[in-house]
Amino acid sequence: MKLRDLIVGAPKVEAAPEVKAAAYMPINSYDAFGAYFSTQSTATREEAMQIPSIARARNIIASSIASFEINVWDKATGTKIDPPRVINQPDPRVTGASVWSWVVEDLLFYGYSYFRVLDRYAEDGRVRAMERIAPPRVAIQTNANSTEITGYYIDAMWIPFSDLIVISGMDEGLLNRAGQTLKAGYWLERASLTFAKEPAPQMIMKSNGTTLPADRIRTLMDAWRRARSERATAFLNADVVLEKLGFDPKEMQLNEARQYVALELARQIGIPAWFISADPQSNTYSNAVNQRRDLIDFSLRPIMTVIEQRMSQSDFLPSSQYARYDLDDFLRGNPLERAQVYQILNGIQDAQGNPVMTIDEIREEEDLIG
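Residues numbered from 1 in each chain as written. Predicted model: local features only at pLDDT ≥ 70, side-chain atom pairs only at ≥ 80, totals over all residues. Heavy atoms only, no water.

Looking now at the overall build of the protein chain. Helix and strand counts for the protein chain come out as 14 helices and 12 strands. Classification of the 370 residues of the protein chain by burial places 35% in the buried group. In the protein chain, of all internal contacts separated by at least 6 residues, the share reaching a separation of at least 24 is 68%. (Helix = DSSP H or I, 4+ residues; strand = E, 2+ residues; numbered from the N terminus. Buried < 20%, exposed > 50% of the residue type's maximum accessible area, 1.4 Å probe, protein only. Contact = heavy atoms within 4.5 Å.)

This is the structure we're talking about:
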């Protein structure tokens with residue numbers, strides 16, 4: 001022990017973090033575990049991503065959040081601290097934006113996201129590296145009352161609590177919450193594909209003569225298909241009759257049905273409909289900053305909040321620090337608006353007579369210091 005420590009006391013060393021990881025967790029709703037307790041009302045990711053409005057919404061939400069940097073701040077002083085690499089690049093083998101975009105999708109679609117710990121710091125046990133685990137690969141074990149998760153399995157293999165990081169979302173996930181609406185959208189896209197292959201209404205050829213063998217019927221149908229690809233006018237002899245069966249897309253109001261489902265899915269996913277062109281008539285004039293604020297408030301904030309709070313827990317950061325997304329660049333106005341704000345802040349003085357924002361701080365904010 002040093003002489004200084006005998007006089008003023010040894011510096012306080014924070015204890016090793018409690019292993020929060022995947023510790024015993026309550027089950028708020030079985031709907032959130034569609035991958036484990038699948039029902040007919042649960043859609044799959046493959047079905048959801050074949051719906052254009054969902055694919056666009058997913059890419060807007062996931063790519064936007066993945067592009068934001070996560071900063072670390074000191075609670076006492078309010079100063080920004082260099083974050084551990086694991087926060088902005090969880091898996092050293094993959095870019096951070098790629099990892100976080102898939103994590104955001106997991107929270108959006110499934111209501112949960114999972115990481116497997118790859119490495120920890122030797123001095124304090126905090127997470128140093130981790131890899132994303134797709135939710136369908138994870139299974140759970142519950143207590144006798146099925147009210148609490150008591151174990152996890154990855155690919156049917158048990159995993160210790162200390163090796164699994166769980167980020168819990170705010171609801172049961174889109175695939176479970178909007179499963180029926182997603183399936184409706186999926187089947188409408190399938191119907192569109194059917195009519196794209198067969199532009200005319202479904203038709204049936206009826207023979208007025210003797211019964212034809214199967215190979216003769218196939219030859220006749222193939223010849224009909226080839227002829228229709230070359231010319232619109234058809235000729236039938238007296239032995240064959242063509243009858244219309246079903247309705248064409250206009251009679252079925254297929255476009256209107258797809259538009260209606262796209263609008264409902266925008267409501268389900270929590271994104272302004274005009275962002276995904278689901279309701280172009282509803283968009284009114286607003287500048288880019290207001291549009292981005294709407295996106296954050298209505299779509300991004302719930303997911304960002306659970307990620308920030310999970311990254312602020314003791315297995316990533318000391319209790320004196322917290323993690324927050326940096327939204328300054330995303331919400332900054334145009335150059336004229338920023339110049340006007342800087343002029344105002346530079347002209348306002350604090351109690352000591354110093355400007356609220358100095359010229360050097362303005363230059364740093366605009367990346368003009370080099």
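What follows deals with the nonpolar core. Ranked by size, the top nonpolar core spans 59 residues in total, and within it Ile54, Ile61, Trp100, Leu182, Ile271, Ile307 and Met311 carry the most contacts. The biggest single contributor to this core is helix H11 (residues 288–311), with 8 residues. Look past the residues within four positions of isoleucine 61 in its chain and what remains in contact with it is Val104, Leu108, Ile269, Ile271, Ser299, Leu300 and Ile303. One finds Met25, Ile27, Ile140 and Ile149 within the second-largest nonpolar core, a separate group that totals 13 residues. (Core = buried A, V, L, I, M, F, W, Y, C linked by side-chain atoms within 4.5 Å.)

What follows is about the packing of aromatic side chains. In the structure shown here, the tally under the stated rule is 6 aromatic pairs. Pairing tyrosine 152 with phenylalanine 161 gives two aromatic rings, centres 6.2 Å apart and planes at 75°, and the pair type is edge-to-face. A ring pair is formed by tyrosine 186 and tryptophan 187, whose centres lie 5.2 Å apart and whose planes are at 70°; its orientation type is edge-to-face. A relative accessible area of 12% places tyrosine 186 in the buried class. Over the ring of tryptophan 102 we find arginine 58, and its NZ or CZ is 5.1 Å from the ring centre. (Phe/Tyr/Trp six-rings, centres within 6.5 Å; stacked < 30°, edge-to-face > 60°. Lys NZ or Arg CZ within 6 Å of the ring centre and 35° of its normal.)

It is worth spelling out the pairing of strand S5 (residues 127–133) at this point. Most of S5 is tucked away, with 5 of its 7 residues classed as buried. Pairing geometry for strand S4 (residues 112–120) and S5, over 6 bridges, is antiparallel. Across the sheet, residue valine 117 finds its bridge partner in S5, namely methionine 130. Between S4 and the antiparallel strand that follows it, S5, lie 6 residues; glycine 125 among them carries a positive phi value of about 80°. (Pairing = 2+ DSSP bridges.)

Now for the sheet that holds S5. In spatial order, the strands read S5-S4-S9; together these 3 strands make up an open sheet with antiparallel pairing. The sheet is open, and its two borders are formed by S5 and strand S9 (164–168), each paired with just one other strand. In this sheet, neighbouring strand axes are inclined to one another by 35° on average, regardless of whether the strands run parallel or antiparallel. Helix H5 (residues 96–109) rests against S4, S5 and S9 of the sheet, and its axis sits at about 140° to S4. (Axes fitted to C-alpha atoms, helices over the stretch in contact; angles between N-to-C directions.)

If you add up the space inside the largest pocket, you get close to 570 Å³. Lining of the largest pocket is provided by 18 residues; of these, Asn71, Lys80, Asp326, Asp328 and Glu365 occupy positions nearest its centre. Of all elements in the fold, only strand S2 (70–74), strand S12 (321–325), helix H12 (328–331) and helix H14 (359–365) reach the threshold of two or more residues within the lining of the largest pocket. By residue class, the composition of the lining of the largest pocket is 5 nonpolar, 2 polar and 11 charged. (1 Å grid on protein atoms, 1.4 Å probe; cavity = no way out; pocket = protein on both sides within 12 Å on 5 of 7 lines; lining within 4 Å. Points joined across faces, edges and corners; volume = space filled by probe spheres on them. Nonpolar A, V, L, I, M, F, W, Y, C, P; charged D, E, K, R; others polar.)

Bringing unusual backbone geometry into the picture now. Even without being glycine, aspartate 155 reaches a positive phi, approximately 55°. Topologically, aspartate 155 is positioned in the loop between strand S7 (148–154) and strand S8 (157–159). Given the relative accessible area of 44%, aspartate 155 is considered partly exposed.

Moving on, we get to the pattern of salt bridges. Evaluation of the coordinates by the stated rule reveals 14 salt bridges. Aspartate 106 is the salt-bridge partner of arginine 132, the closest N and O atoms lying 2.8 Å from each other. Placement of the pair is arginine 132 in strand S5 and aspartate 106 in helix H5, with a sequence separation of 26 residues. By relative accessible area, arginine 132 is classed as partly exposed at 24%. A network of salt bridges, in which partner residues are shared, links Asp91, Arg93, Arg116 and Glu131. (Salt bridge = Lys/Arg side-chain N within 4 Å of Asp/Glu carboxyl O.)

Negative charge collects at one region of the surface, where Asp328, Asp360, Glu361, Glu364 and Glu365 lie side by side. Counting residues per element, the negative patch draws most heavily on H14, at 4 residues. Residue position: glutamate 365 is located in helix H14. (Patch = residues over 30% accessible without salt bridge, like charges linked within 9 Å, V, L, I, M, F, W, Y side chains within 5 Å. Areas by Shrake-Rupley, 256 points an atom, 1.4 Å probe, with all protein chains shown as cover. Lys, Arg positive; Asp, Glu negative; His and termini not counted. Charge placed at Lys NZ, Arg CZ, Asp CG, Glu CD.)

Moving on, we come to a nonpolar patch on the surface. Taken together, Ile344, Ile348 and Val356 make up a surface patch of nonpolar side chains, about 270 Å² in accessible area. With respect to the secondary-structure elements, isoleucine 348 resides in the loop between helix H13 (335–347) and H14. Overall, isoleucine 348 belongs to the partly exposed group, its relative accessible area being 41%.

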